[in-house]
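Observations on chain architecture
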Amino acid sequence: MPAPDEPYYCSQQINIPPALPDILKQFTKAAIRTQPKDVLAWSAAYFKAMSKGETPPVKDRLEMPVATQKTDTGITPGLLKVLHKQLGPKKVVSLSLIEEKWCDLSLPKEQFDELVQVGGYGGDVEWLKFFSLSASGLGENITDAMQMICEILTADAEGGAARIPFTQWKYLYKYLAQIDGDISSEQIDDVCAHLQYDVDKQDGFVQPRNFLSQDCPKLG
């Protein structure tokens, strides 16, 4: 029995908005796929994005750890892909917006600050540069980073060749090599010259198997 001072509602008086069940169903699926560390903060970011018609912070699928992934960084391929879906279309974004989306995914603030320091970022940032530097934290070397970059930027189906335009690949490879500081311009030129043969046969695209080949000069 309800308390005397509480209103009594019968089933006929309760009106469930027609869209609510599907909204909650999609939200639940998104939360299960994404596995957010801070469910409440992530939920706020999710519904904020949905209400504005923006891309929500949702993974495409439940993510399993990969062998080359560092486990102490917080960032994962799936989370980096989420950030790219949200920020990639903007090309150039403010550092404050990147930080907002980064925190929405409960990624470590200290890792974000380290990336900002290493990249020397401030104000507006070219997203692909921040993206590629973030990818460098997912593996042991620049080769792992370039493979991850291909797998996230590709338009190929998952499990496919993971092709991206060679012009884009070269731009990001040269950027990461510059950040690394120990890769000579001659080494960069040797890698690009070697890959050009494959690229010419692949309509201007490069794929991981090209630079993972034993015949290709080492990227770093």
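Computed from a prediction, not measured in an experiment: that's the story for all the values here. (Residues numbered from 1 in each chain as written. Predicted model: local features only at pLDDT ≥ 70, side-chain atom pairs only at ≥ 80, totals over all residues. Heavy atoms only, no water.)

Looking now at the domain arrangement of the protein. Segmenting the protein into domains produces domain 1 (21-47 + 74-138) and domain 2 (141-219). Summarising the inter-unit geometry, the C-alpha centres of domain 1 and domain 2 are found 24 Å apart. Here domain 1 is connected to domain 2 by 0 salt bridges. Taken together, the connections running from domain 1 to domain 2 amount to 2 residue pairs in polar contact (both at pLDDT 80 or more). Ranked by residues supplied to the side of domain 1 that touches domain 2, first place goes to helix α6 (residues 127-135) with 6 residues. A breakdown of the residues in the side of domain 1 that touches domain 2 according to their chemical character gives 9 nonpolar, 4 polar and 3 charged. (Domains from an automatic or database assignment. Salt bridge = Lys/Arg side-chain N within 4 Å of Asp/Glu carboxyl O. Polar contact = N/O pair within 3.5 Å; in protein donor to acceptor, adjacent residues only side chain to side chain. Helix = DSSP H or I, 4+ residues; strand = E, 2+ residues; numbered from the N terminus. Nonpolar A, V, L, I, M, F, W, Y, C, P; charged D, E, K, R; others polar.)

A cluster of nonpolar side chains, namely I14, I16, L20, I23, L24 and F47, defines an oily patch on the protein surface of about 520 Å² accessible area. A per-element tally of the nonpolar patch places helix α1 (residues 20-34) first, with 3 residues. Its place among the elements puts L20 in helix α1. On the accessibility criterion, L20 (33% relative accessible area) is partly exposed. (Patch = residues over 30% accessible without salt bridge, like charges linked within 9 Å, V, L, I, M, F, W, Y side chains within 5 Å. Areas by Shrake-Rupley, 256 points an atom, 1.4 Å probe, with all protein chains shown as cover. Buried < 20%, exposed > 50% of the residue type's maximum accessible area, 1.4 Å probe, protein only.)

Moving on, we come to the packing of aromatic side chains. This structure, assessed with the given rule, holds 14 aromatic pairs. With a centroid separation of 6.0 Å and an interplanar angle of 20°, the aromatic rings of W127 and F130 are classed as stacked. In this pair, W127 and F130 both sit in helix α6, 3 residues apart, roughly one turn of the helix. Residue W127 shares its accessibility class with F130, and that shared class is buried. Arranged with centres 6.2 Å apart and planes meeting at 45°, the rings of W127 and F131 form a pair that is tilted. With W127 and F131 both in helix α6 and 4 residues apart, the pair spans about one turn of that helix. The class of W127 is buried, set by a relative accessible area of 1%. An aromatic cluster of at least three residues, connected via ring pairs, comprises W102, F112, Y121, W127, F130 and F131. Positioned above the aromatic ring of F205 is the side chain of R163, whose terminal nitrogen or guanidinium carbon lies 5.9 Å from the ring centre. (Phe/Tyr/Trp six-rings, centres within 6.5 Å; stacked < 30°, edge-to-face > 60°. Lys NZ or Arg CZ within 6 Å of the ring centre and 35° of its normal.)

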